Amino acid sequence: MRSPKDFFAPLAVGAPAPVREIPPLPSRMIHFFDPGNEKMVAKAPDIATKVDVLLGNLEDAVRADRKEAARQGLVDVAKANDFGQTQLWTRVNSLDSPWVLDDLITLVTEIGDKLDVIMVPKVEGAQDIHYVDRLLAQLEARAGLTEPLLVHAILETASGVANVEEIAGASPRMQGISLGPADLAASRRMKTTRVGGGHPGYLVRTDPTGDDLTEGRTIYQQDLWHYTVARMVDACAANGILPYYGPFGDIRDVVACEDQFRNAFLLGCVGAWSLHPAQIDIARKVFSPEPSDVAWARRVIAAMGDGTGAVMIDGKMQDDASFKQCGVVAELADALAARDPELAAAYDAATKEALENA
């Protein structure tokens, strides 16, 4: 085990120093595209103006005979475009694949200065992050990079869930963790073939009111992923990194997608994956606080002053705990407003109205 004194030391001679804090950049939607697909590549510059993160996917959904083309396609896309405030991420192939070593060597040495985060699939423990951590440091030194690349793990195996706390704290490079529900379902032997979302068979039922055990009993569908998301959020929060919901596979069911994203948002996730342009606006809506919520948070913060003591606002008691809760909403709103003028105007208008009517 490394000494805590060495935790923030570079892992290779000439590699940049690790970050001390994860940059608080908006990442409400991580939009996936196949860099080996010419039609998707042609749309990438326009899509980049609508999303917080554009991710070139090299793993699942890319056939084995197209892996090299996808890798080279991402290099070409990165070299040919400046995506401005939009972050460029990639998901490399799994660490047990024959492609991942070439993925990392090629991407870091050729476009390491354009990439922000490398997403690593099927992470099972801290050992996987340690391997990637050291290799990235060596490649950064070779490429002469001045800023370290960050790492994002996907939680999609039973072992990964069991070790999520050690994964979250395995390296200063750790940017965040995403839930990977499809692979995780297979790893757990769950009896669902859906990619995220609920299942009509996973339910609770109200008690019977008479002798008929079927009459008048209301059914409530439950969230298959509540436990895993909550545990992932705790692990990320405890280690100063960011949690994300992953994919929602039923592109047509935009209502259920919004519900699943909102569940994750309320539990503490900062964003989700978008697999289709139809999901971009859903993620933007869900992972941006409502103007009314922002106005309330700012009103509480203004009334609380230094955050100590307690006040009554509209008949509701506010104290240091609610002050902290409101701080979470207000800080997120400020970060998003700095990037989105329309959202900034909506937040300011709602806050002004709330303070005038107080």
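Rules and cut-offs
Residues numbered from 1 in each chain as written. Predicted model: local features only at pLDDT ≥ 70, side-chain atom pairs only at ≥ 80, totals over all residues. Heavy atoms only, no water. Helix = DSSP H or I, 4+ residues; strand = E, 2+ residues; numbered from the N terminus. 1 Å grid on protein atoms, 1.4 Å probe; cavity = no way out; pocket = protein on both sides within 12 Å on 5 of 7 lines; lining within 4 Å. Points joined across faces, edges and corners; volume = space filled by probe spheres on them. Nonpolar A, V, L, I, M, F, W, Y, C, P; charged D, E, K, R; others polar. UniProt positions renumbered as here; feature names shortened; annotations may be inferred. Core = buried A, V, L, I, M, F, W, Y, C linked by side-chain atoms within 4.5 Å. Buried < 20%, exposed > 50% of the residue type's maximum accessible area, 1.4 Å probe, protein only. Contact = heavy atoms within 4.5 Å. Pairing = 2+ DSSP bridges. Axes fitted to C-alpha atoms, helices over the stretch in contact; angles between N-to-C directions. Salt bridge = Lys/Arg side-chain N within 4 Å of Asp/Glu carboxyl O. Left-handed = near helix turned anticlockwise from the far one by under 90°. Polar contact = N/O pair within 3.5 Å; in protein donor to acceptor, adjacent residues only side chain to side chain. Right-handed = clockwise from strand over helix to strand, strands pointing away. Expected span 1.5 Å × (residues − 1). Arc of directions from axis to C-beta.

Quick notes on unusual backbone geometry
Phi is positive for alanine 61, which is not a glycine, with a value near 80 degrees. Position of alanine 61 among the secondary structure elements: in the loop between strand 2 (53–57) and helix 2 (67–80). Phi angles above zero are rare outside glycine, and aspartate 314 is one such case at about 55 degrees. Along the chain, aspartate 314 turns up in the loop between strand 11 (311–313) and strand 12 (316–318).

What about the layout of surface pockets?
It is a probe the size of a water molecule, rolled over the atoms, that shows where empty space is left. Its boundaries defined by the atoms lining it, the largest pocket holds a volume of some 1,100 Å³. Taken together, 38 residues make up the lining of the largest pocket; nearest its centre are Gly268, Cys269, Val270, Val328 and Leu332. Breaking the lining of the largest pocket down by element, the ones donating at least two residues are helix 8 (226–238), strand 9 (242–245), helix 9 (254–267), helix 10 (280–286), helix 11 (291–304) and helix 12 (320–339). Counting residues per element, the lining of the largest pocket draws most heavily on helix 12, which supplies 8 residues. Grouping the constituent residues of the lining of the largest pocket by class yields 26 nonpolar, 5 polar and 7 charged.

Comments concerning the UniProt feature "domain: HpcH/HpaI aldolase/citrate lyase" (unreviewed entry) in the chain
Those residues carrying the UniProt feature "domain: HpcH/HpaI aldolase/citrate lyase" (unreviewed entry) are residues 32–194 in this numbering. Secondary structure across residues 32–194 comprises 45% helix and 17% strand; the distance between its end C-alpha atoms is 19 Å.

Considering empty space enclosed by the protein
One pass over the full model with this rule turns up 1 cavity of 30 Å³ or more. One number sums up the size of the largest cavity: a volume of about 90 Å³. Taken together, 15 residues make up the lining of the largest cavity; nearest its centre are Ala9, Leu11, Pro18, Asp133 and Arg173. Here the residues of the lining of the largest cavity sort into 10 nonpolar, 1 polar and 4 charged.

Comments concerning the nonpolar core
Membership of the largest hydrophobic core comes to 80 residues, with the highest contact counts inside it found for Ile30, Ile177 and Phe261. With residues near it in sequence (within four places) discarded, isoleucine 30 still touches Val53, Leu55, Trp89, Met119, Tyr244, Ala272, Trp273 and Ser274. Formed by 7 residues, the second largest nonpolar core is a distinct cluster that contains Ala333, Leu336, Ala337 and Leu343.

Let's talk about the sheet that holds strand 4 (residues 117–120)
Sheet architecture is closed into a barrel: 8 strands sit in the order 1-2-3-4-5-6-9-10, paired in parallel fashion. On average, each strand axis in the sheet is tilted by 25 degrees relative to the strand beside it, whichever way the strands run.

Focus on the pattern of salt bridges
Counting across every chain of the model gives 21 salt bridges. In this structure, the salt-bridge partner of arginine 71 is aspartate 103, at a minimum N-O distance of 2.8 Å. With arginine 71 in helix 2 and aspartate 103 in helix 3 (residues 100–111), this residue pair connects regions lying 32 residues apart in the sequence. In this pair, the class of arginine 71 matches that of aspartate 103, namely buried. One salt bridge connects aspartate 334 with arginine 298, and the closest N-O pair in it is separated by 3.1 Å. Here aspartate 334 is found in helix 12, whereas its partner arginine 298 is found in helix 11, with 36 residues between them in sequence.

With respect to the packing of helix 3 against helix 4 (residues 126–143)
Running from amino to carboxyl end, helix 3 crosses helix 4 at an angle of 35 degrees, the nearest separation of the two axes being 9 Å. For the crossing formed where helix 3 meets helix 4, the hand is right-handed. Contact residues: Leu101, Leu104, Ile105, Val108 and Thr109 in helix 3; Tyr131, Leu135, Leu136, Leu139, Glu140, Arg142 and Ala143 in helix 4. Considering only residue class, the contact of helix 3 with helix 4 consists of 9 nonpolar, 1 polar and 2 charged.

Points about the side chain of threonine 86
Mapped onto the elements of the fold, threonine 86 is located in the loop between helix 2 and strand 3 (87–91). Taking relative accessible area as the criterion, threonine 86 reaches 8% and is therefore assigned buried. Separated by 2.5 Å, the side chain of threonine 86 and the backbone oxygen of alanine 48 make a polar contact. Contacts of threonine 86, omitting those with residues within four sequence positions, involve Ala48, Val51, Asp52, Val53, Leu54 and Arg339.

Remarks on the side chain of serine 94
If you trace the backbone, serine 94 turns up in the loop between strand 3 and helix 3. Discounting residues that sit within four places of it in the chain, serine 94 has contacts with Glu59, Val100, Pro121 and Lys122.

Quick word on the pairing of strand 3
In terms of burial, strand 3 is largely enclosed, as 5 of its 5 residues are buried. Going residue by residue along strand 3, you find Gln87, Trp89 and Arg91 tucked away on one face and Leu88 and Thr90 tucked away on the opposite face as well. A crossover connection joins strand 2 to the parallel strand 3 through helix 2; in handedness this β-α-β unit is right-handed. Relative to strand 4, strand 3 runs parallel, the two sharing 3 bridges. Bridged to arginine 91 within strand 4 is methionine 119. A crossover connection joins strand 3 to the parallel strand 4 through helix 3; in handedness this β-α-β unit is right-handed.

What about helix 9?
Here helix 9 spans 20 Å end to end across 14 residues, near enough to the 20 Å set by a 1.5 Å rise per residue. For helix 9, the complete set of buried residues consists of Cys257, Glu258, Gln260, Phe261 and Ala264. Along the axis of helix 9, the buried positions cluster into a sector of 165 degrees, meaning they face one direction only. Opposite the packed face of helix 9, turned more than 90 degrees from it, sit the exposed residues Val255 and Leu266. Of the residues one or two after helix 9, glycine 268 is the one with positive phi, at around 130 degrees.

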